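Close look at the chain arrangement
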Amino acid sequence: MQKPQSFPRRKFLKHVAATTLALGVGPLSSLAGNEELETQVLQYNRKFSSNDMVNIAVIGMGIMGNHNAVSSLQVPGVKLIAACDLYSGRRERAKELYGKDIFVTNDYRKILQRKEVDAVVIATSDQWHARITKDALKAGKHVYCEKPMVHYIGEGLDVIKTQKETGKVLQIGSQYVSNIVFQKAHELYKSGAIGNLNMVNAVYDRQDALGAWEYTMPTDASPKTVDWDRYIEGMKKIPYDPKKFFWWRNYREFGTGVAGDLFVHLLSGTHVITDSIGPEKIYASGQLCYWKDGRNVPDLMAGIMQYPERPQHSPFQLTLQVNFVSGTGGSETTRFVGNEGTIDIRGNSLTVHHSKLPEAPGIGGWDALETYPEEMQKELLKRYNEKYSKEQQKRHNEPDMTYRAPEGFDSSLQHHINFFDSIRNGKPVVEDGVFGFRAAAPALACNQSYFKNKIIHWDAEQMKLKEA
Ligand SMILES: NC(=O)c1ccc[n+]([C@@H]2O[C@H](COP(=O)([O-])OP(=O)(O)OC[C@H]3O[C@@H](n4cnc5c(N)ncnc54)[C@H](O)[C@@H]3O)[C@@H](O)[C@H]2O)c1
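This write-up is about the structure you can find in this document. Just so we're clear, the structure is a prediction, and the values are computed from it rather than from any experiment. (Residues numbered from 1 in each chain as written. Predicted model: local features only at pLDDT ≥ 70, side-chain atom pairs only at ≥ 80, totals over all residues.)

Attention shifts here to the overall build of the protein chain. Within the protein chain, the secondary structure is distributed over 15 helices and 17 strands. A buried classification covers 41% of the 468 residues belonging to the protein chain. Intrachain contacts of the protein chain at a sequence separation of at least 6 include 73% that bridge at least 24 residues. (Helix = DSSP H or I, 4+ residues; strand = E, 2+ residues; numbered from the N terminus. Buried ≥ 20, exposed ≤ 12 C-beta atoms within 10 Å, placed from the backbone. Contact = placed C-beta atoms within 7 Å.)

A word on the nonpolar core. Membership of the largest hydrophobic core comes to 105 residues, with the highest contact counts inside it found for Ala57, Val58, Ile59, Val120, Ala185, Phe263 and Ile343. Among the elements that make up this core, the one with the highest residue count is helix H15 (residues 433-452) (10 residues). In terms of domain composition, this core takes at least three residues from each of domain 1 (51-176) and domain 2 (178-357 + 395-409 + 433-465). Those residues in contact with phenylalanine 263 that lie beyond four places of it in its chain are Val258, Gly303, Leu320, Val322, Ala443 and Cys446. (Core = buried A, V, L, I, M, F, W, Y, C linked by C-beta atoms within 7 Å. Domains from an automatic or database assignment.)

Take the sheet that holds strand E6 (residues 142-146) next. Note on sheets: strands pair through backbone hydrogen bonds, and any given pair is parallel or antiparallel. Spatially, E4-E3-E2-E5-E6-E7 is the arrangement adopted by the 6 strands of the open sheet, whose pairing is parallel. Whereas interior strands pair on both sides, the edge strands pair on one side only; in this sheet they are strand E4 (103-105) and strand E7 (170-173). Averaged over all neighbouring strand pairs, the angle between strand axes comes to 20°, with direction disregarded. Pairing of strand E3 (residues 78-84) with E4, which is carried by 3 bridges, proceeds in the parallel orientation. Looking at E4, one finds that alanine 82 is bridged to phenylalanine 103. Strands strand E2 (54-59), E3, strand E5 (119-122) and E6 of the sheet are contacted by helix H3 (residues 63-74), whose axis makes an angle of about 160° with E3. (Pairing = 2+ DSSP bridges. Axes fitted to C-alpha atoms, helices over the stretch in contact; angles between N-to-C directions.)

Within the element layout of this structure, leucine 320 appears in strand E11 (residues 316-323). When near neighbours in sequence (up to four residues on either side) are disregarded, leucine 320 contacts Ala202, Phe263, Leu266, Ala302 and Gly303.

Geometrically, the link from lysine 147 to proline 148 is a cis peptide bond, its omega value of -10° lying close to zero. With respect to the element layout, proline 148 can be found in the loop between E6 and helix H7 (156-166). One non-glycine residue, asparagine 453, lies in the positive phi region at around 55°. Judged by C-beta crowding, with 10 C-beta atoms within 10 Å, asparagine 453 ranks as exposed. One non-glycine residue, methionine 463, adopts positive backbone phi at about 60°. Overall, the presence of 18 C-beta atoms within 10 Å leaves methionine 463 in the partly exposed class.

In the vicinity of the ligand there are 26 residues, among which Gly60, Gly62, Met64, Thr124 and Glu146 approach most closely. At 3 residues, H3 tops the list of elements feeding residues into the shell around the ligand. Considering only residue class, the shell around the ligand consists of 12 nonpolar, 8 polar and 6 charged. (Near = placed C-beta within 6 Å. Nonpolar A, V, L, I, M, F, W, Y, C, P; charged D, E, K, R; others polar.)

Just distances and angles here, no functional claims.
So, in structure tokens, the structure goes:
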């Protein structure tokens, strides 16, 4: 156990500044999100005893591994003591960034053998998630594993079982779950702001090479600097290919395509807001439009999922879209449509729009009324006005309402705070294996649907694929 680190209070406060809220009237103007954030400020400004210290290691020191390391290190009392990566340049960079004394290796098992490591963050390519998670839990480590929780649906239940057997903390890394805007949308939806939900439209579009996963390659990429054999361990022999290592998302053998990579976030967000456990029917269609760089996954995909009626929600349809060559320039939006309004989530804000059906059915305008003889029209109007009062003929809408996350709010930091809280206090994580798998499996089912050209049936309760 090492001494507690002092934590820059102002830096933390920057992330949990007061909530900006521009609300209409009525019960929706709750400040619960704000209170939650303030509670966290208090909690993380308390003094840390040596028992609170958590030593972590990151396995997979690429883009997200470093991002997770930075988020973890913002939580007081967390120390990064080891890092693992298969490319030597990233091990070197880990020492540059986190200190020359940290232990680095290309073999994650060596990390798991170290007693002083309390928790590991797994941010490797997708094909390794389930395997390293299970090994780490069995070695007595708490695990933060990046989304998607698994590479294949068949791996999910085993991960959940291993977590239960070991009793260690497992948080899956879709930080949407900790996004205060999604939590606010959940609160609004539950309070009846849009009536009965019947449709969700979620879009994640991009229009750039980096967004389409063609990341900058290092100058020294070669079998000497990349531990290729370890990378493909357990798979059939595949010759070294730098693209399959540094652009792994583009290959099904290592990644999970746009569905596993991005639909999973949209599903996590939808499940947070609706408390849903998942769809029962899944279909996806797609194409490779533009990024023809050797990839074997589509760069444009549309998914449709049917959510049956459940105690938590009315039946609804979810449409998902990712387009990597979108003339919109890129956008990330999720719209929840109910029979009385919509919640639109865009970046770090949401807008609630109300539109209620009037009691009266309406008459005139784009109607058959004017096609009838003059006298009959007068009679019909007279009867209509006798039957329905002015009030019954009006739409009773509330004004639109916008909610914005606090300036600098960081959902990734919140997600990590929740992970370390759970390790320290036994508080449940917000995204356990069950939640993570229930978001990952329908996303991965989209790949099955696309590649096999069929509708996939999913038993969300039992978390198993079903025959049609
Ligand atoms: N939560 C999010 O918003 C978010 C964002 C980006 C990425 N991710 C997830 O994070 C993970 C990593 O993505 P990335 O963009 O950082 O990829 P990356 O290519 O930048 O980094 C992956 C690293 O994993 C290493 N690696 C692969 N297999 C390994 C093994 N067996 N042992 C040790 N290291 C291994 C590679 O050497 C590589 O450096 C993916 O699962 C991805 O889906 C999540």
